[in-house]
Amino acid sequence: MSENDILQSLRNAALASIHEAKNSAQLDSIETQYLGRKGEITSQLRRIGSLPAEERKDFGQAVNDAKEAVDAAITARREALVSVEADAKFVDEAIDVTMPGRLWHTGRSHILVDTLQRIKEIFIGMGYEFVETPEIEDYKSNFEALNYPEEHPALDEQMSFYITDDTLLRTHTTAFQHQVMSNRKPPMRVATLGKCYRSDAVDATHSHTFHQVDCFTIDRGISMADLKGTIHQFAVEMFGREVNVRFRPDFFPFVEPGAEFSVTCIICGGDGCNVCKGSGFLELGGAGLIHPNILTAHGFDPEEYSGFAFGFGIERMPMLMYGIRDLRLFMENDMRFLRQL
Amino acid sequence: MKVSIDWLRQYIDFTCPLGELADGLTMAGLEVEETIQISKAEFAAQGGSGEIDDTVFDIKVTPNRGDWLSMIGVAREVAPLVGEKVRLPEPKVIESEPASSELIEIRIDAPELCRRYVCAVIRNVTVKESPGWLKDRIIAAGMRPINNVVDITNFVMMELGQPLHAFDLSLLHGNQIIVRRAKDSETITSIDESERKLDSEMLVIADHDRPVAIAGIMGGIDSEIGEQTKDILIESANFNSVGIRRTAKRLNMSTDASYRFERGVDPGITVLAALRAAELIAQLGGGEVCKGVVDVYPSPIEPLEVKIRPARVNKILGVSIDAGAMIACLNSLDIESAIDGEAINCKVPTFRPDITHEIDLIEEVGRVYGYDKLPMTLPQGASQGKDSPEGKLRDKLRRILMASGGQEALTHSIVDIGLARVAGREEQSVNLRNPLSEELNSMRVMLAPNLLQVIERNQAFGNQNVCVFEIGKVYFADASGKSSEKLAIAGAVVGNLWERSWGLPAKALDVDFYTCKGILESLFDGLCIQNVKFVEATDPLLHPTRAAKVFVGDREIGILGEAASTALETLGVRGRPCVFELDFHALMETAPQVVTYQEPPRYPAMQRHIAAVVADSIPYAKLVDLIRTAGGGMVEEIELLDVYKGEHIGEGQSSLTLGVVFRSREKTLTDEEVNSVLALIKDALSQGANAIFR
Ligand SMILES: [Zn+2]
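What you see is a predicted model; the values in this text were computed from it and never measured.

(A) Examining the overall build of chain B more closely. The number of helices and strands found in chain B is 21 helices and 34 strands. The C-alpha radius of gyration of chain B comes to 40 Å, more than 25% above the 26 Å expected for a compact globule of 694 residues. For chain B, the C-alpha atoms occupy an extent of roughly 130 × 60 × 50 Å along the three principal directions. Put simply, chain B has 694 residues, and 54% of those count as buried. Within chain B, contacts between residues at least 6 apart in sequence are counted, and of these 70% link residues at least 24 apart. Across chain B, the 73 positively charged side chains and the 101 negatively charged ones have centroids separated by 4 Å.

Here it is as structure tokens:
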């Protein structure tokens, strides 16, 4: 066999085994076998010295050609093999994406606290300063300073839990007015929120404990129209849509004129439904202009200043918004309930 | 107050549909809560005539409007709605000798409790069943027909709002009625056959010898009308509302009469009511009305004159109504009003004791004008709204704890004192004097027991994994017994914090003291509170050897630990929950107002592991102290990587693996520098903590 024939057969053998290589490791050893420093093709160059001078150049060229051809074939084959191997690896690493995710428990806020927070933000946006207020109050703040006459039937609506003769659990957040008015001068826009207590047996719609928000403002020229407008603005923000506010005369000793306020039923939009008992309105709370007796008692001249006050219960709002039928769910803290809202 | 529409038509004309009338009344402040239809058959079934159908409005009457507890009171509110006048009954009585005053002497000994006392005498009456029309009225008013005399007193009470009482005149001793305070320990058996103990705070109607009625509340059985009664004395009186309320409360009684007196009865209607009853009794019981009612009225009440200023009315209501319209509003309510220069002079009738000042009349104008017509404006002037400092911190804490997996809870403040007992804080408990039940008799002293209860309830619901927190008030009595309250923040965890954790090693998932501590540490981190220490401690609520007090600097601010097994047993909680509870204001006061920024380090850190075997009696905090001291500022962080006990480690010892991060803020540390500090640290650990290195 001539040197060229040997080279040619080496080249063919190399290309054939490259073609048959099953993985890159085989390819690596083929590369070493033929093209390594002592590779079969590389070492053909060493024979060059034994060739006649005139054949040397051509033979050198032929070896280089063979090396390049084999190298190109290896590169091409390697590329093909890499993607096949990767595919095989991916198949091996396959997971079931429909299996459930692992999940660390995330905490959620309590729906009632959330509601309080939302209400608070709206009133802060309307210029109210929220203050912290005690739940244990004296008779004076809860009743007397709010213009409740002694031994008045209006007290029947406010059955109180007493701690001593004179100390009781506040029956309404309105009890905060006395402290605030004793320590500030008009103009003022103040609000508070929190737990209130009345001696009421617990069932789906009653509880001895409930939450209220109370706001009041004292300034020059405050009118019933301002009160109505304020409540309207709050209701639109709270319910996120245009609602009508309805005022109806009502009696609370600390306001005159006094009103109960309702807003368009958010369930039926005012057409009348079960929830609003066909009236198209939902009663929210009590409101009115601060009684001149109270202004006078705190040193504010009712001829110069007037004010309005309003308050309402909180539980009713999420009950309406989420269709919750049982008040007790709020304080039961059943995770199955809390984690839904 | 049940208002029969058929009956109402006797006092006022109206043609509007009843739905419209109900709406009108509701918008005027007399909320029609229910509209009830009573058919002929239903009347007949209750003993009525069976000749009429009727509609009844059930009206909610606010406590300031006693006058609405009568047909004419309601008619007076219909008047402005329909533009008609109210017709009062005009009793026509044929009087005969002798005069009432010859048969009975009236004396008011306690004028402060009885403003006016009127009586009429009717003789030779036949007490019998009422006629159908009267029974219909009584039934429609929600009462039960008894006999003609009792039904008439009820009828007149419903009609005019004046409670009446009928005595059998022959049973009154000494022809005398004395309105006086009861004597202490005097008794009376009321017509409901209970014996009532009286005292000098209570007003009675007495004859010459004994009390015959508890004034304004209930009559006595000794002078009650019966079938044999012939001569009747009708009492129409005006009693002090506070006195009646006190007595009714003390005797635990409430009657239709006391209900009305507590809310105020018109002192101007007393005589009319007596005559009206006399007229009806004569008409339906066939008796003779004695001449002249007896009327004792020591200080007659005159209608109050109140001025209102139209400009003020408009300013307060936020409207612009002219004075003429205001006068029309007031006149339609029988408040006689006329212009007087810049003001309007108003004569407030005696049936409106709720009106005493200009502001009350402004409300009346507003009511008749219609609250629904008031415009909507916003107060002038801007003001800066803001949350309280507590509100701001509360919100921040909520966010931090929710991010740590805490579910926010809201629990009752009124609890069983057993919870304070569980927490070993019974003596601090604020207790209710008039609890709803024995289980709801005190105010919570701590939040944590409530949260353990939340765990118990959720375990009962089938949920073993609970992580909750609450921010709320706790209440306590100080040494002097004065009740106070403060904000607290507490958390409780049990089970594991993974909602779904398949494929993870189960043992690693269960929460323990350290999980709870981690949550607490993230809270301090979030508030940038440094210098927090956990010091081994005992607390009645906590496991004796798994409890800590939490300090910020030297200030003790709360507790952390595994709940005591006794507490868990009492509360029925399974598993081993851990809890913490901190004083909210302490957090507010220790959280820095200003947080300073530190530039991120520029030079690389080097890490070394230390594996040290130390006795369990050496607290980890001590090792940290030793490392930091020996590290001389080069130690940036110390991390506990593993704790191993068991094979190859002596009894009462643990092998701790610590990761120590070294860094300088000035330069890149060399291996040699770090190794020499590490050697110092190991020295310190072996000398200070007898540590052996593996
Ligand atoms: Zn509706």
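Let's pick the thread back up.
(B) The overall build of chain A, seen in detail. A tally of regular secondary structure across chain A gives 11 helices and 10 strands. Relative to its length of 341 residues, chain A is extended, with a C-alpha radius of gyration of 44 Å against a globular reference of 20 Å. Taking the principal axes of its C-alpha atoms as reference, chain A extends roughly 135 × 45 × 45 Å. Here chain A holds 341 residues, and the buried ones make up 53% of them. Taking the intrachain contacts of chain A between residues at least 6 apart in sequence as the baseline, contacts between residues at least 24 apart amount to 66%. Carbon and sulfur atoms make up 49% of the accessible area of chain A, which totals about 15400 Å². With 34 positive and 51 negative side-chain charges, chain A shows a spacing of 8 Å between the two charge centroids.

(C) Layout of the domain arrangement of chain B. Under the domain assignment, chain B is made up of domain 1 (2-82), domain 2 (95-296), domain 3 (305-373), domain 4 (389-590) and domain 5 (606-693). For domain 1 of chain B and domain 5 of chain B, the distance between their C-alpha centroids amounts to 88 Å.

(D) A look at a nonpolar patch on the surface. All names here are of chain B. On the surface, Tyr 620, Leu 640 and Val 643 cluster together into a nonpolar patch covering about 230 Å² of accessible area. With respect to the helices and strands, Tyr 620 occurs in helix α20 (residues 620-631). Judged by its relative accessible area of 31%, Tyr 620 falls in the partly exposed class.

(E) Representation of the domain arrangement of chain A within the structure. Partitioning chain A into domains gives domain 1 (3-93) and domain 2 (112-340). In this structure, domain 1 of chain A and domain 2 of chain A have C-alpha centres spaced 91 Å apart.

(F) View of the side chain of Asp 207 of chain B. All names here are of chain B. Looking at the element boundaries, Asp 207 is found in the loop between β11 (203-206) and β12 (211-214). Residue Asp 207 is classed as buried on the basis of its relative accessible area of 2%. Looking at Asp 207, its side chain comes within polar contact range of the main-chain nitrogen of Arg 210, at 2.9 Å. Asp 207 has contacts with Leu 171, Leu 172, His 173, Gln 176, Ile 178 and Val 212, leaving out every residue within four places of it along the chain.

(G) Local environment of the interface of chain B and chain A. On the side of chain A, 92 residues touch chain B, which itself brings 91 residues to the contact. Interface of chain B and chain A: buried area, both sides summed, is about 8200 Å²; carbon and sulfur atoms make up 55% of it. The interface formed by chain B and chain A includes 9 salt bridges. We note a salt bridge from Asp 165 of chain A to Arg 433 of chain B, for which the minimum N-O separation is 2.6 Å.

(H) Inspection of the coordination of the zinc ion at higher detail. All names here are of chain A. Distances from the zinc ion to its protein donors, Cys 265 (SG), Cys 268 (SG), Cys 273 (SG) and Cys 276 (SG), fall at 2.3 Å. Here the zinc ion is ringed by 4 donor atoms whose angles at the metal span 101 to 114 degrees, and the overall shape comes out tetrahedral. Here the donor residues of the zinc ion are spaced in sequence according to C-x2-C-x4-C-x2-C. Accessibility classification places Cys 273 together with Cys 276 in one group, the buried group.

(I) Inspection of the sheet that holds strand β31 (residues 606-615) of chain B at higher detail. Residues and elements named next belong to chain B. If you trace the 4 strands from one edge of the open sheet to the other, you get β32-β33-β31-β34, paired in antiparallel fashion. Looking along the sheet, the strands with just one partner apiece sit at the ends: β32 (635-644) and β34 (692-693). For β31 and β34, the ladder comprises 2 bridges, and the chain directions are antiparallel. Bridge pairing in β34 links Val 613 to Ile 692. Running over the sheet, α20 touches β31, β32 and β33 (653-662) and is turned about 145 degrees from β32. Against the sheet, helix α21 (residues 671-689) touches β31, β32, β33 and β34, its axis set at about 15 degrees to β31.

(J) Representation of helix α14 (residues 389-403) of chain B. Here α14 of chain B contains 15 residues, and its C-alpha end-to-end distance of 22 Å stays within 8% of the 21 Å for a straight helix at 1.5 Å per residue. Of all the residues in α14 of chain B, the buried ones are Glu 390, Gly 391, Leu 393, Asp 395, Leu 397, Arg 398, Ile 400, Leu 401 and Met 402 of chain B.

(K) Structural detail: empty space enclosed by the protein. Overall, the coordinates contain 8 cavities of 30 Å³ or more when judged by the stated rule. A volume near 410 Å³ is recorded for the largest cavity. Around the largest cavity, the lining is made up of 29 residues, and of these Glu 132, Leu 193 and Gly 194 of chain A together with Arg 394 and Leu 487 of chain B lie nearest the centre. Elements represented by at least two residues in the lining of the largest cavity include exactly α4 (111-125) and β5 (188-197) of chain A together with α14 and β24 (466-477) of chain B. In terms of residue count, β24 of chain B provides more of the lining of the largest cavity than any other element does, 5 residues in total.

Reading guide: rules and limits
- Counting from 1, residues in each chain are numbered in the order their sequence is written.
- Chains carry letters from A onward and ligands carry numbers from 1 onward, assigned in written order.
- Totals for whole chains, interfaces and linings use every residue, but because this is a predicted model, local features are given only for residues with pLDDT of at least 70 and side-chain atom pairs only at 80 or more, for both listing and counting.
- Processing note: side-chain calculations cover all non-hydrogen atoms of the structure and skip hydrogens and water entirely.
- Every helix listed is a DSSP run of H or I at least four residues long, and every strand listed is a run of E at least two residues long, numbered separately from the N terminus.
- We compute the radius of gyration from the C-alpha atoms alone; for a globule the expected value is 2.2 Å times N to the 0.38, where N is the number of residues.
- Throughout this description, buried means an accessible area under 20% of the type-specific maximum (1.4 Å probe, protein chains only), exposed means over 50%, and partly exposed covers the range between.
- Here, two residues are considered to be in contact whenever any of their heavy atoms come within 4.5 Å of each other.
- A positive count includes Lys and Arg, and a negative count includes Asp and Glu. His and the chain ends are not counted in either.
- By convention, the point assigned to a charge is CZ for Arg, NZ for Lys, CD for Glu and CG for Asp.
- Here the open area of atoms and residues is found with the Shrake-Rupley method and a 1.4 Å probe, where only the protein chains shown may cover a residue.
- Domain ranges listed in this record stem from an automatic or a database domain assignment.
- Like-charged residues are merged into a patch within 9 Å and nonpolar side chains (Val, Leu, Ile, Met, Phe, Trp, Tyr) within 5 Å, provided each residue has over 30% relative accessible area and no salt bridge.
- The term salt bridge refers to a pairing of a side-chain nitrogen on Lys or Arg with a carboxyl oxygen on Asp or Glu at a separation within 4 Å.
- Any pair of N or O atoms that falls within 3.5 Å is considered a polar contact. Within protein, one atom must be able to donate a hydrogen and the other to accept it, and sequence-neighbouring residues count only if both atoms are side-chain atoms.
- Buried area counts how much accessible surface, traced with a 1.4 Å probe, disappears from two parts once they are put together, with both parts' losses summed.
- Water is not part of the atom set, so a site may look incomplete; the donors themselves are N, O and S atoms within 2.8 Å of the metal, or 3.2 Å for Na, K and Ca.
- The rule is simple: four donors are tetrahedral if all their angles sit between 85 and 135 degrees, four are square planar and six octahedral if opposite donors span more than 155 degrees and the others lie between 65 and 115, and anything that fits none of that is irregular.
- Whether two strands pair comes down to DSSP finding at least two bridges between them.
- Only the stretch in contact is used when a helix axis is fitted, and all axes are lines through C-alpha atoms; the angle between N-to-C directions ranges over 0 to 180 degrees.
- Multiplying one less than the number of residues by 1.5 Å gives the expected span of a helix.
- Cavities and pockets were defined on a 1 Å grid built from protein atoms only: a cavity is a group of points that admits a 1.4 Å probe but offers it no way out, a pocket is an open group of points flanked by protein on both sides within 12 Å along at least five of seven lines, and a lining residue is one with an atom within 4 Å of any such point.
- Grid points are joined across faces, edges and corners, and a volume is the space filled by probe spheres set on the points.

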